[in-house]
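Letter by letter, the chains look like this.
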Amino acid sequence: MVDAATKKTLSGIPLLKTKAGPRDKDLWPTRLKEEYLSLIKYVENNKAADNDWFRLESSKDGTRWFGKCWHIQDLLKYEFEIEFDIPVTYPATSPEIALPELDGKTAKMYRGGKICLTDHFKPLWAKNVPKFGIGHAMALGLGPWLAVEIPDLISKGLVRHKDEKDGEDK
Amino acid sequence: MSTIKELKAKIKQLEEELALEKSRSTTKAEPHGPGRDKIAKMSAEVVDSNPYSRLMALKRMGIVNNYEQIRDFSVAVVGVGGVGSVTAEMLTRCGIGKLILFDYDKVELANMNRLFFQPHQSGMSKVEAAQKTLSFINPDVIIETHNYNITTMANFDNFMETIRTGSIDGNGPVNLILSCVDNFEARMAINDACNELNQNWIESGVSENAVSGHIQLIKPGETACFGCAPPLVVAENIDEKTLKREGVCAASLPTTMGVVAGLLVQNTLKYLLGFGNVTEYLGYSALQDFFPTMLMKPNPQCTGRYCVERQADYQKKLASQPKEEVVEEKEEEIKHDTNDWAIELVDETNPEDLVSKVDESLAPGIKHSYDKPVESKGEEASETVGHTEESMDDLMAKLKGL
C-alpha cells in the first residue's frame, strides 16, 4: 500500500511518543509540542527536497488547525485552504482534514469539505496510534488525496487556476 | 369613477381576504394548531381519543407490567439522521419521558430518500426540525436539542454534562444513550464519554452500501466497549463498512435504516421497561436475511483507560456479589371461595384438536399450533339446507316478515 517514495518521506517525519488528547490537561501540552516538532521537521524535509506543499498553524490550545496546501500542475500553482479540529478522541481517531472550498465538487468528500480518508489512510492510522501525528496525517492522508483528486478536478474543469478566473472576471 | 362608498366596500373585502390568507399561512408555518393538548397521566382506557390505549394494552396482554413507567425515562439520541430521526419518532410515539437530541447537520433534499424529514424542512437544523415534528406528534415528551458537533473540545464537556444531568428530574444521568451517528470519530467520542461516566448505551449502524446494519449494547466494564475491538476497523470483510461515515458517497435505503431503528428502539424498550431478553449484539444482513447475535466480552488490553477501570470495577462487583438465586415466577391460581350456583366451565375444544403432528416440511423450531381436523365423509351429523325455487326477493321478504 505504501510505495517506496512515501516510505522515504515517512521515515523523515519524526514519530510521536505521548499518547494524549486535548482533554488530557497535563499531557496535551507535551503532545502538542511533539506535533509541532514533527511538523517542523517534515516541512523542512519538504523544502530541502524541493517539495514544499503545505503550511499549517494552530490555535493557542492546539485544538483548531488551519493553513494552506498547494498542488502544482503544468507550471501552475493551485492553492487551497485547509482546516480541521483535533477531536476529543485524538489520537485514537485521526484528525478530519477539510478543504472547505472544494465541498460539493467531488464524491470523495464529506459535508463541510472533509476529505475521504477511510480506505487509504484510517487503517494505517489505527495501526500506528499514538506514534502518528498531524504530519503523518498530511503525508499519508491529504497528500495522496490531493495527488489523485486535484488533477481529476482540473481535467473536469471543476477547479481552475486563480489567474484564469481573474481573466474571466475582467 | 367609483364612489367613496364603493371603494370603502372594496377595501373591507380585501382586508377580509388578507386576514384569511394570513390565518392560513400561520397555521401552515405552525403546525401546532390542530394538535392535541398535554395528557397528565397515561390512561389505559380504550377510547378513540386516547393516544396511549394501544400501548397500555401491552399490560393487559401480559407483555409489560409497568408501561406507564416509560414516562420516567430519559433517552439521549446522538445523531438525528436516517436512523436517529426514526428512533426519536418511535420513542416519542411510545410516550418516552424525555428525549435529548444531538446533531450539528442541516436537513437537505439529499436526505429525502429516508424517513421522517420533509422537503419543506430543508435548510433547518435537524434537531430543530425534529423537535417541531416530534412535539406536535406527542406534546407530553420533553424534548431538548443540542445543535453541535460532540467531537470537538468546545462541545464535548457540555455533551458530558448533559448526559450526567439528563434524567427527567435533572438530578441524575440519562437512562440510556442511543448512538445513531454515521462515523467512527463520533462513536469513539460517545464511547469515551460513556466509559468515563459509566453510562450504558446502544450503538447502531448501517453499512455504507445500505444492505446491512447492527445494534450493540455497551455496558462499560461488562460488555466490550466500542474501542475494545479496534481490529474491526481495519479487518477486511467484517463490519468494517458499518463503521464508515455516511457522506455524499454513501448509499442509503429507508428500509434498512427503518429496520435498524426498529431493532434499536425495540431493544431500548426492553432494556428500560425490563421485559423480554435485551440483546447485546444483533446484526442484520439484508441480502441473506441473516440476523447474527453474539456476546462480546471486554478486552483487558483495551487502550481506553476508563474502559479498563470499568472492567476492574465490574470484576470487583461480581466478586462481592453472592450468587444470584433463580427465582421461579409462579402464576397464581385463581380460587373462588364460594360457588353457590355450582357454576363450572366446560371446555368446548377437544384437547386432541390442539395437538399437532410434527411437520417435516417446516423449519426447525416452528410447529403448527393445531392440525386441521380430518374432513368427514358421508353423512353429516347435522341437517343441511335443501333446495328452493323461491326468488331472492321472496326470501328477503320472508325473513323480514318473520
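If you're wondering where the values come from, they're calculated on a predicted model, not measured in any experiment. (Residues numbered from 1 in each chain as written. Chains lettered and ligands numbered in written order. Predicted model: local features only at pLDDT ≥ 70, side-chain atom pairs only at ≥ 80, totals over all residues. Heavy atoms only, no water.)

### So, the state of the cysteines
Okay, so step 1: Per the counting criterion, the structure on display carries zero disulfides over all chains.
Okay, so step 2: In this model C69 of chain A remains outside any disulfide bridge; the closest cysteine sulfur is found in C116 of chain A, 16 Å from its own.
Okay, so step 3: Classification of C69 of chain A by relative accessible area gives buried; the value is 0%.
Okay, so step 4: The closest cysteine sulfur to the non-disulfide-bonded C94 of chain B is located on C180 of chain B, 14 Å from its own sulfur.
Okay, so step 5: Judged by its relative accessible area of 13%, C94 of chain B falls in the buried class. (Disulfide = S-S within 2.5 Å. Buried < 20%, exposed > 50% of the residue type's maximum accessible area, 1.4 Å probe, protein only.)

### Some words on the domain arrangement of chain B
Residues and elements named next belong to chain B.
Okay, so step 1: As assigned here, chain B comprises domain 1 (41-65) and domain 2 (73-320).
Okay, so step 2: Between domain 1 and domain 2, the C-alpha centre-to-centre distance is 28 Å.
Okay, so step 3: On the side of domain 2, seven residues touch domain 1, which itself brings five residues to the contact.
Okay, so step 4: Between domain 1 and domain 2 the total buried area reaches about 440 Å² when both faces are included, carbon and sulfur atoms providing 63% of it.
Okay, so step 5: The three residues of domain 1 that bury the most area against domain 2 are Y52, L55 and V64, which together make up 72% of that side's buried surface.
Okay, so step 6: Across the domain 1-domain 2 interface, the total number found is two residue pairs in polar contact (both at pLDDT 80 or more). (Domains from an automatic or database assignment. Contact = heavy atoms within 4.5 Å. Buried area = accessible area lost by both parts, 1.4 Å probe. Polar contact = N/O pair within 3.5 Å; in protein donor to acceptor, adjacent residues only side chain to side chain.)

### Details of the UniProt feature "active site" (unreviewed entry) in chain A
Okay, so step 1: Those residues carrying the UniProt feature "active site" (unreviewed entry) are C116 of chain A in this numbering.
Okay, so step 2: For C116 of chain A, the position within the fold is in the loop between strand 5 (114-115) and helix 3 (122-127). (UniProt positions renumbered as here; feature names shortened; annotations may be inferred. Helix = DSSP H or I, 4+ residues; strand = E, 2+ residues; numbered from the N terminus.)

### Side note on unusual backbone geometry
Okay, so step 1: Between Y90 of chain A and P91 of chain A the backbone carries a cis peptide bond, its omega angle lying at 0°.
Okay, so step 2: Going from V129 of chain A to P130 of chain A, the amide bond is cis rather than trans, its omega being 0°.
Okay, so step 3: You can see P130 of chain A is positioned in the loop between helix 3 and helix 4 (134-155).
Okay, so step 4: Look at D50 of chain A: it is not a glycine, yet its phi comes out positive at around 55°.
Okay, so step 5: Mapped onto the elements of the fold, D50 of chain A is located in the loop between helix 2 (28-48) and strand 1 (54-58).
Okay, so step 6: The phi torsion at A210 of chain B lies on the positive side, around 70°, for a residue other than glycine.
Okay, so step 7: By the element assignment, A210 of chain B lies in the loop between strand 5 (201-206) and strand 6 (212-218).

### Topic: the interface of chain B and chain A
Okay, so step 1: Contacts between the two partners involve 27 residues from chain B and, on the opposite side, 26 residues from chain A.
Okay, so step 2: At the surface where chain B touches chain A, the tally comes to two salt bridges.
Okay, so step 3: Between K122 of chain A and E185 of chain B there is a salt bridge, and its shortest N-O distance comes to 2.7 Å.
Okay, so step 4: Applying the counting criterion to the chain B and chain A interface returns four residue pairs in polar contact (both at pLDDT 80 or more).
Okay, so step 5: Mapped by element, the contributors of at least two residues to the side of chain B that touches chain A are helix 5 (153-164) and helix 6 (184-197) of chain B.
Okay, so step 6: It is helix 6 of chain B that provides the largest number of residues to the side of chain B that touches chain A, a total of six residues.
Okay, so step 7: Of the residues assigned to the side of chain B that touches chain A, the class counts are eleven nonpolar, five polar and eleven charged. (Salt bridge = Lys/Arg side-chain N within 4 Å of Asp/Glu carboxyl O. Nonpolar A, V, L, I, M, F, W, Y, C, P; charged D, E, K, R; others polar.)

### Side note on the packing of aromatic side chains
All names here are of chain A.
Okay, so step 1: Applying the stated criterion across every chain yields a total of 14 aromatic pairs over all chains.
Okay, so step 2: Taken together, a centroid distance of 5.5 Å and an interplanar angle of 45° make the contact between Y42 and F54 tilted. Of this pair, Y42 sits in helix 2 while F54 sits in strand 1; the two residues are twelve residues apart in sequence, bridging distant segments of the chain.
Okay, so step 3: Its relative accessible area of 3% is what places Y42 among the buried residues.
Okay, so step 4: Note on F54: relative accessible area 1%, which makes it buried.
Okay, so step 5: When the ring of W125 is compared with that of F132, the centres are 6.4 Å apart and the planes differ by 65°; the resulting orientation is edge-to-face. You'll find W125 and F132 in the same group, each marked buried.
Okay, so step 6: Connected via pairs of aromatic rings, a cluster forms that spans W28, Y90, F121, W125 and F132.
Okay, so step 7: Taking NZ or CZ as reference, K77 lies 4.6 Å from the ring centre of W70, over its face. (Phe/Tyr/Trp six-rings, centres within 6.5 Å; stacked < 30°, edge-to-face > 60°. Lys NZ or Arg CZ within 6 Å of the ring centre and 35° of its normal.)

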